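What follows is the residue order along each chain.
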Amino acid sequence: METRLEILNEKKVIGKRITTSITDNKTFDLWKSFMQLRKQIVNVITTDLYDVQTFDDDYWTNFNPQNTFEKWAAMEVANFDHVPDKMETLTIPPGLYIVFTHKGLPSEGAKTFEYIFGTWLPNSNYELDNRPHFGKMTDKYNNTDPASEEDLWIPVRIKP
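Cut-offs and rules
Sequence order as written defines the numbering, with residues in each chain counted from 1. In view of the model being predicted, local features appear only for residues whose pLDDT reaches at least 70, and side-chain atom pairs are presented and counted only at 80 or more, with totals across whole chains, interfaces and linings using the full set of residues. By convention in this description, side-chain values take in all heavy atoms of the structure and omit both hydrogens and water. Any carboxyl oxygen of Asp or Glu that lies within 4 Å of a side-chain nitrogen of Lys or Arg is treated as forming a salt bridge with it. Numbering of helices and strands runs from the N terminus; a helix is a DSSP stretch of H or I covering at least four residues, while a strand is a stretch of E covering at least two. Burial classification: accessible surface area is computed with a 1.4 Å probe over protein chains only, and a residue below 20% of its type maximum counts as buried, one above 50% as exposed, and the rest as partly exposed. Pairing of aromatic side chains requires ring centres within 6.5 Å, counting the rings of Phe and Tyr and the six-membered ring of Trp. Pairs whose planes differ by under 30 degrees are stacked, by over 60 edge-to-face, and all others tilted. The directions considered for the arc are those from the helix axis to the C-beta atoms. Residue contacts are counted whenever heavy atoms from the two residues lie within 4.5 Å of one another. A strand pair is defined by DSSP finding two or more bridges across the two strands.

## Observations regarding the pattern of salt bridges
Now for step 1: On inspection of all chains with the given rule, the structure shows twelve salt bridges.
Now for step 2: The salt bridge involving lysine 11 is made with glutamate 76; its shortest N-O contact spans 3.1 Å. Placement of the pair is lysine 11 in strand E2 (residues 11-21) and glutamate 76 in strand E4 (residues 68-77), with a sequence separation of 65 residues.
Now for step 3: The class for glutamate 76 is buried, based on a relative accessible area of 10%.
Now for step 4: With a shortest N-O distance of 3.8 Å, aspartate 24 and lysine 26 are connected by a salt bridge.
Now for step 5: Overall, the relative accessible area of 44% leaves aspartate 24 in the partly exposed class.
Now for step 6: Classification of lysine 26 by relative accessible area gives partly exposed; the value is 33%.
Now for step 7: The network of salt bridges with common partners includes Glu127, Asp129, Arg131 and Arg157.

Written as structure tokens, this is what we have:
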């Protein structure tokens, strides 16, 4: 699996958000709602789509698939001067990320996350940092194509 370290500059995104969990996954509804309205977003920097997750401070230390987190469907913008009705803003702070390229259908994503959190992270010199996680979907992403690619950005810091 392709991986790389990246220092992320601050990103501003506009989109829609929901509270969800792994066991009560509302991702499909979120994206369906967002995609109907996304053309209303002005000042977009690229056509890339962002699937952002924000977690409570203790989400990973007390992991339970029923615990809720915030999930966003969004696009990166230059500024927040024009926020469409029914949408909100989120600033992703700068920091260090490890980026994994998931190749395959979204339904195969669990294997990639098992590798990231079960193998790569415990055996690395890094630990999770409490900043948003996100998937970045470029023109290489197609949710029905087995050759699809999505970059998964996981916030990390060097272990003490």
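Past the structure itself, the notes keep going.
## Some thoughts on the packing of aromatic side chains
Now for step 1: The full count for this structure, using the stated rule, is 17 aromatic pairs.
Now for step 2: Between phenylalanine 55 and tyrosine 59 the ring centres are 4.6 Å apart and the planes differ by 35 degrees, which places this aromatic pair in the tilted class.
Now for step 3: Classification of tyrosine 59 as buried rests on a relative accessible area of 3%.
Now for step 4: Taken together, the aromatic side chains of Phe55, Tyr59, Trp60, Phe63, Phe69, Phe113 and Phe117 make up a single cluster linked through ring pairs.

## A few points about helix H2 (residues 109-120)
Working note: α-helix, 3.6 residues per turn, so residues spaced by three or four point in the same direction.
Now for step 1: Buried residues of H2: Gly109, Thr112, Ile116 and Trp120, and no others. In an axial view of H2, the angular spread of the buried residues amounts to 80 degrees, which keeps them on one side of the axis. In H2, the exposed positions that point more than 90 degrees away from the buried face belong to Lys111, Glu114 and Gly118.
Now for step 2: For H2, the elements touching its buried residues are strand E6 (95-103), strand E7 (126-128) and strand E9 (149-158).

## Brief notes about the pairing of E6
Now for step 1: Where burial is concerned, most of E6 is hidden: seven out of the nine residues are buried.
Now for step 2: Alignment of strand E1 (residues 3-8) against E6, held across six bridges, turns out to be antiparallel. In the sheet register, isoleucine 7 faces E6, and the bridge partner there is leucine 96.
Now for step 3: The pairing of E6 with E9 spans seven bridges and is classified as antiparallel. Bridging from a neighbouring strand, threonine 101 pairs with aspartate 151 of E9.

## What about unusual backbone geometry?
Now for step 1: Even without a glycine there, the phi angle at asparagine 43 is positive, about 65 degrees.
Now for step 2: By the element assignment, asparagine 43 lies in the loop between helix H1 (27-37) and strand E3 (49-54).
Now for step 3: The backbone of lysine 86 sits at a positive phi, close to 70 degrees, despite the residue not being glycine.
Now for step 4: Counting through the fold element by element, lysine 86 comes out in the loop between E4 and strand E5 (88-92).

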